[in-house]
Amino acid sequence: CGQCVQVCPVGALTIHDDTNLVYKAKEEGKVLIAQVAPSSRTTIAEALGEETGTVSTGRMITAMKMLGFDYVFDTDFTADLTIMEEGNELLNRITNGGVLPMMTSCCPGWVKFCETSYPKYTQHLSSAKSPQQMFGSVIKTYFAQKAGIDPANIFSCSIMPCTAKKFECKRPEMSDSGYQDVDAALTVQELAKLIKSAGIDFSKLEESRFDNPFGLGSGAGEIFAATGGVMEAALRTVYEVLTGEELKQLEFQAVRGFEGLKEAAVDINGTTVKVAVVHSLGEARKIMDRVVDGTADYHFIEVMACPGGCIGGGGNPVRNWKKVAKRTVNVYQQDKDLPIRKSHESPAIKMIYEEFLGEPLSETSHHLLHTKYANRQDILRI
Ligand code: SF4
């Protein structure tokens, strides 16, 4: 997607326009439920002609309600859920001699690249689904039960920075709820098209809030938008869970910024946890070559296919480094402004474990929130 087109085997070369699916679902009388990715709230205003980096969360929600969405939820919630599941998986692997380094799995562009180019190494990928797909499973099970809605009558739609998410939601294994977990992934550009087509003057809208019970994510979920964000979010939680002590300095500067490879070593209870962060598929290939030859001496590696991470994703308005940098500043500012900045402290996270999942890596969690990967090497031989 985006600048990755020449090297990216993520199925994003043909960009489908799925806006018609929203109209169709409305005509069919479905309950329209949307989730909005962390980065999308920082790029939708730009897609509608406003200044780069304008954060318009409240106006975006109002516009989506005017378009007919019955519920608009915050994907930050399942970014937090990803941290809970992935963080515990990492702890398990470190403690029990599992496959290391573990690698993030929330970017479908990267996952598919690994499946096609390094199929023998997919056991390094975390089994945790991406936040988009976790939300899809949760909406058609836990939320449907809680709200008394027939899951067959739900149209679950995501607003993403990403064209690869369209491929991800159609993977056959992404149906653990008993239905296709996410019915359509729309890009930020497609949401902008819907808003324009409806004649909505975005600049004049009042602010609304995300709907409960998934309306308040943590700052840790918010920074998933930027390269290094998943790693920083994971470190905030893993540190506190393992040490039982409060983390004084939440910002891990070593994993922020736009260098191709970023590294950090964090002392947790006497164990030095070594991590790395890469973005762009060129850097992904370099780090995978090191995994293959055994020189990637890390416990955990974050990989994002797009330069800059999702905030530079191909479903956003056209980007250059200056724009990506400007958007990124505001991503980190939103983290600072949020009342809760660690995934494990989110009330929605506590609620879903208490009421539904039990604990991280429970049987229900495994069934709904984790997945398996395929060998897709044949795709390269076509
Ligand atoms: Fe999609 Fe984000 Fe991955 Fe780019 S980095 S392919 S926008 S998930």
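Residues numbered from 1 in each chain as written. Predicted model: local features only at pLDDT ≥ 70, side-chain atom pairs only at ≥ 80, totals over all residues.

Looking at an unreviewed UniProt entry, one finds the chain named NAD(P)-dependent iron-only hydrogenase catalytic subunit, with Parasporobacterium paucivorans DSM 15970 as its source organism. As its UniProt record puts it under Sequence similarities (unreviewed entry), the chain is described as follows: "Belongs to the complex I 75 kDa subunit family." (UniProt positions renumbered as here; feature names shortened; annotations may be inferred.)

(A) Spotlight on the nonpolar core. Judged by nonpolar contacts, the single largest core of 101 residues is most densely connected at A34, V72, F73, W110, A284 and V303. Not counting residues up to four positions away in its chain, the partners in contact with W110 are A284, V303, M304 and A305. (Core = buried A, V, L, I, M, F, W, Y, C linked by C-beta atoms within 7 Å. Buried ≥ 20, exposed ≤ 12 C-beta atoms within 10 Å, placed from the backbone. Contact = placed C-beta atoms within 7 Å.)

(B) Looking closely at the environment of Y142. Counting through the fold element by element, Y142 comes out in helix 6 (residues 131–147). Classification of Y142 as buried rests on a count of 20 C-beta atoms within 10 Å. Beyond its immediate chain neighbours, meaning those up to four positions away, Y142 contacts I352 and F356. (Helix = DSSP H or I, 4+ residues; strand = E, 2+ residues; numbered from the N terminus.)

(C) Structural context of the pairing of strand 6 (residues 261–268). As defined by bridge partners, strand 6 adjoins strand 7 (residues 271–279) across eight bridges and the pair is classed as antiparallel. Paired with A265 across the strands is K274, a residue of strand 7. Where strand 6 folds back on strand 7, the antiparallel hairpin that results is connected by two residues, among which N269 adopts a positive phi of roughly 55 degrees. (Pairing = 2+ DSSP bridges.)

(D) Quick look at the environment of E251. With respect to the helices, strands and loops of the structure, E251 is situated in the loop between helix 10 (229–243) and strand 6. Classification of E251 by C-beta neighbours within 10 Å gives partly exposed; the count is 14. Counting along the chain gives 44 residues from E251 to T295, while the straight-line C-alpha distance between them is 28 Å.

(E) Spatial organisation of the sheet that holds strand 8 (residues 300–304). Strand order in the open sheet made by the four strands is 3-8-7-6, with mixed pairing throughout. For this open sheet the edge positions go to strand 3 (102–103) and strand 6, each flanked by a neighbour on one side alone.

(F) Expanded view of the site of the ligand. In the vicinity of the ligand, 14 residues are found, and the nearest of them are C107, G109, C162, C306 and G313. Contributing elements (two or more residues each) for the shell around the ligand: helix 5 (108–117) and helix 7 (164–169). Taken together, the residues of the shell around the ligand break down into 10 nonpolar, three polar and one charged. (Near = placed C-beta within 6 Å. Nonpolar A, V, L, I, M, F, W, Y, C, P; charged D, E, K, R; others polar.)

(G) Layout of the sheet that holds strand 1 (residues 31–36). With respect to topology, four strands assemble into an open sheet ordered 2-1-4-5, the strand pairing being parallel. Lying at the two open borders of the sheet, with one neighbouring strand each, are strand 2 (71–74) and strand 5 (184–187). Taken over all neighbouring pairs, the strand axes of this sheet differ in orientation by 25 degrees on average, direction set aside. The sheet contact formed by strand 1 and strand 2 spans four bridges and is parallel. Considered in strand 2, the bridge of Q35 is made with F73. (Axes fitted to C-alpha atoms, helices over the stretch in contact; angles between N-to-C directions.)

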